[in-house]
Amino acid sequence: MQFLTADTRGQLGFGEIWSRIKPVSALGRSLHRQAEAFLPAQKGQLVEEWERLALISAVLRENPKACVGLKTLLSHVPDVTDCINRSLTDSTLSDADFYSIKKLLRVARDIKGELARLGWGGVLPAPLDVCPEVLDALSVGQGDSESFYLADAYHEKLAEIRSKRFALEDKLTQRRKQVEDHVFQAVGRVFSTEDELAVSVSDQETIAVLENIPQLVRSEETPDCVKFRLRLDESARELQRELRAVRAEEEQRKARVRERLTGVIAEQEERLRKILSILGFLDFLLAKAEFCASCGGVKPNLRDDGVVSICQGRHLLLEEDVTGRGLAYTPIDLELKRGVTLITGPNMGGKTACLETVGLLLAMAQFGLLVPAEKLEFSPRTFIAARLTAADNPKGLSSFAGEIAFIREVVRVSDQPGLILLDEIAHGTNPTEGAAIAQAVLERLNGQPPITLVTTHYPALAQLEGMGQLRIRGLDHARLAEMWSEDTELDLELFHQAMDYRLEPVKEPHTLKGDVVHLAEALGLDEKIILRAQELVKRGAEHG
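These notes cover the structure that comes with them. Small disclaimer: the values here were computed from a predicted structure and weren't measured. (Residues numbered from 1 in each chain as written. Predicted model: local features only at pLDDT ≥ 70, side-chain atom pairs only at ≥ 80, totals over all residues. Heavy atoms only, no water.)

Structural notes on the overall build of the chain
Then, in step 1: Broken down by element type, the chain carries 21 helices and 13 strands.
Then, in step 2: If you take every contact in the chain between residues at least 6 apart in sequence, the share linking residues at least 24 apart comes to 75%.
Then, in step 3: With an accessible surface of roughly 27200 Å², the chain has 50% of that area assigned to carbon and sulfur atoms. (Helix = DSSP H or I, 4+ residues; strand = E, 2+ residues; numbered from the N terminus. Contact = heavy atoms within 4.5 Å. Areas by Shrake-Rupley, 256 points an atom, 1.4 Å probe, with all protein chains shown as cover.)

Some remarks on the sheet that holds strand β8 (residues 375-378)
Then, in step 1: Read across the open sheet, the 4 strands follow the order β4-β8-β5-β6; overall the sheet is mixed. Edge strands, defined here as strands with exactly one partner in the open sheet, are β4 (301-302) and β6 (332-336).
Then, in step 2: Relative to β6, strand β5 (residues 308-313) is paired through 4 bridges, and the arrangement is antiparallel. Following the sheet pairing, Val308 is matched in β6 by Leu336.
Then, in step 3: Contacts from helix α14 (residues 351-366) reach β5, β6 and β8, with the element oriented near 75 degrees to β8. (Pairing = 2+ DSSP bridges. Axes fitted to C-alpha atoms, helices over the stretch in contact; angles between N-to-C directions.)

Topic: the nonpolar core
Then, in step 1: Judged by nonpolar contacts, the single largest core of 102 residues is most densely connected at Ile101 and Ile111.
Then, in step 2: At 15 residues, helix α12 (residues 269-294) tops the list of elements feeding residues into this core.
Then, in step 3: If you look at the next biggest cluster of nonpolar residues, it comprises 22 residues, including Ile407, Leu422, Ile425 and Val454. (Core = buried A, V, L, I, M, F, W, Y, C linked by side-chain atoms within 4.5 Å. Buried < 20%, exposed > 50% of the residue type's maximum accessible area, 1.4 Å probe, protein only.)

Description of the packing of helix α7 (residues 95-118) against α12
Then, in step 1: Packing of α7 against α12 brings their axes to within 11 Å, and their N-to-C directions diverge by 50 degrees. The angle between α7 and α12 places the two elements in the oblique class. Of the two possible hands of crossing, α7 and α12 adopt the one that is left-handed. Counted together, Ile101, Leu104, Leu105, Ala108, Ile111 and Leu115 of α7 and Leu272, Ile275, Leu276, Leu279 and Leu282 of α12 form the full contact between these two elements.
Then, in step 2: Among the residues forming the contact of α7 with α12, the class breakdown is 11 nonpolar, no polar and no charged. (Parallel < 35°, antiparallel > 145°, perpendicular 65-115°, else oblique. Left-handed = near helix turned anticlockwise from the far one by under 90°. Nonpolar A, V, L, I, M, F, W, Y, C, P; charged D, E, K, R; others polar.)

Focus: the pattern of salt bridges
Then, in step 1: Enumeration over the complete set of coordinates arrives at 43 salt bridges.
Then, in step 2: Here Asp233 makes a salt bridge to Arg175, at a shortest N to O gap of 3.5 Å. In this pair, Asp233 is assigned in the loop between β3 (225-230) and α11 (234-267) and Arg175 in helix α9 (residues 158-187), connecting sequence segments 58 residues apart.
Then, in step 3: What makes Asp233 partly exposed here is its relative accessible area of 37%.
Then, in step 4: For Arg175, a relative accessible area of 33% puts it in the partly exposed group.
Then, in step 5: Between Arg314 and Glu319 there is a salt bridge; the shortest N-O distance is 3.1 Å. Exposure class is identical for Arg314 and Glu319. Each is buried. (Salt bridge = Lys/Arg side-chain N within 4 Å of Asp/Glu carboxyl O.)

Structural notes on the pairing of β5
Then, in step 1: Summarising the sheet, β5 and β8 pair through 3 bridges and their orientation is antiparallel. The residue of β8 that forms the bridge with Ser309 is Glu377.

Some thoughts on the packing of helix α5 (residues 68-75) against α7
Then, in step 1: Put simply, α5 and α7 touch, their axes get as near as 10 Å, and they point 165 degrees apart. The orientation of α5 relative to α7 falls into the category roughly antiparallel. When the axes of α5 and α7 are compared, the crossing they make is left-handed. Side by side, α5 and α7 meet where Gly69, Leu70, Leu73 and Leu74 of the first sit next to Val107, Asp110, Ile111, Glu114, Leu115 and Leu118 of the second.
Then, in step 2: Grouping the constituent residues of the contact of α5 with α7 by class yields 7 nonpolar, 1 polar and 2 charged.

As for the pairing of strand β1 (residues 196-200)
Then, in step 1: Residue alternation in β1 divides its side chains into a buried set, Leu197 and Val199, and an unburied set, Glu196, Ala198 and Ser200.
Then, in step 2: Bridge count for β1 against β3 is 5 bridges, and the pairing is antiparallel. The partner of Leu197 across the bridge, within β3, is Phe228.

Brief notes about unusual backbone geometry
Then, in step 1: Unlike most non-glycine residues, Gln312 shows phi in positive territory, near 55 degrees.
Then, in step 2: Relative to the assigned elements, Gln312 resides in strand β5.
Then, in step 3: Phi is positive for Glu424, close to 50 degrees, though the residue is something other than glycine.
Then, in step 4: Inspection of the secondary structure puts Glu424 in the loop between β10 (419-422) and α16 (431-445).

Some words on the sheet that holds β1
Then, in step 1: The strand order across the open sheet formed by 3 strands is β1-β3-β2, and the pairing between neighbours is antiparallel. Taken across any chain shown, the strands that pair with only one partner, and hence form the sheet edges, are β1 and β2 (216-221). Put simply, the sheet's adjacent strands are angled 30 degrees from each other on average, direction ignored.
Then, in step 2: The strands that helix α10 (residues 204-211) touches are β1, β2 and β3; relative to β1, the one it contacts most, it runs at about 145 degrees.

Structure, rendered in structure tokens:
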């Protein structure tokens with residue numbers, strides 16, 4: 001099973017959390033898109049990643065602008081993978097390609113210096129080799145220029161050839177200028193960039209003047225205008241022939257230089273790819289560190305006994321939603337062991353939120369992030385699979401059928417140490433059969449390698465032995481009585497304020513307590529229905 005399917009990502013809110021990590025380079029963004037979780041066999045690499053993030057995040061919490069310089073440099077890192085690939089073929093790289101590679105090496109050199117200044121050289125997976133030989137090869141005759149051009153120093157004949165070209169171009173330019181000056185004095189007109197002069201057919205006077213200038217010739221005539229261009233005599237044509245020959249020779253020399261430089265790039269292909277890899281890694285690492293610092297993330301601890309222990313764990317998205325509505329958010333504390341743990345409690349008591357929080361924290365941790373909690377200790381999972389009440393169903397399946405399809409899949413991989421999150425198990429069918437299916441599933445999963453965390457309202461499940469039991473404390477009736485009076489209408493806000501969302505372990509099989517009638521009243525259900533429901537609940541309690 002995939003570690004985290006797209007469906008589970010969405011249900012836990014992991015996709016939204018992951019989208020908040022913002023690398024600034026194409027290389028970093030590529031790593032961000034392709035990132036995969038660290039699996040149990042990669043514990044060492046996972047710990048190294050946490051340690052890097054803890055180091056950088058601690059600095060960023062003290063000084064949020066500490067890595068601004070690095071990020072600015074990383075935002076200018078070009079991805080020259082295509083240039084490197086083409087250097088290994090029959091292609092010859094262009095000046096634009098050489099410029100991109102030179103830019104990469106200059107930025108890499110500056111990043112190495114900035115890392116040394118910050119004392120962060122150790123956060124890289126390997127030393128940053130900035131390939132000075134290639135940078136030197138791309139800087140011949142250019143001083144410390146950021147740009148790239150084929151300077152005269154690249155070939156002993158280039159300076160001589162270019163001198164000839166400049167002289168020929170100057171002679172042709174002087175000839176053109178003489179004619180231009182003559183034309184301007186005669187008719188006040190100048191040539192276009194195509195060395196042409198267009199005159200309206202209605203301006204016969206100007207046309208007549210231009211026809212009497214021997215250095216001009218009619219080149220085109222339309223119903224609207226007459227065009228003139230420079231007349232080339234034999235000496236001018238000879239100059240142009242010489243210029244074409246010199247330019248061709250210059251291009252041949254430059255082509256040889258480009259071929260040689262392309263060979264240099266091909267020879268250093270591995271080192272250049274390593275630079276790209278390290279800079280992409282660094283960009284991605286900094287983006288993760290900024291996110292971790294912003295959410296107060298802590299470094300998780302690994303354990304070998306398969307237990308998950310969370311102290312004051314927070315689901316960032318739920319926390320934002322709750323506090324955004326002016327309510328107090330309650331972090332979770334719990335310990336989970338292999339096998340099944342049940343969570344019971346009232347409607348709207350936070351059972352689903354517990355599943356989401358456990359799943360999100362472990363997903364974040366195994367994707368190499370620090371987590372928003374006071375403490376997280378766990379053994380890495382091979383997969384995380386969630387089926388929450390709001391889950392989408394496979395096309396053509398009912399809610400119950402979709403749940404059964406999910407259960408079938410997690411049972412298939414129950415020989416692996418995964419994390420299974422099941423919300424309101426088997427709630428989409430009649431209660432008797434639903435409770436029977438639920439009990440059979442839990443008995444099958446209990447004692448297996450996965451940690452299975454299940455929420456339920458089925459009383460029979462709360463009576464099961466040999467499974468972990470947790471309970472949401474639920475409605476604080478004393479607090480509700482303090483806030484609710486004849487002058488105060490019972491509403492959801494009051495209900496939330498009186499709810500104790502904390503989890504507590506239940507040592508023995510127990511009877512479920514509910515506050516559903518209070519909730520229905522808070523949601524505005526008809527008063528007569530509420531009174532009748534209270535009467536029926538009381539009658540049921542009296543008759544056991």
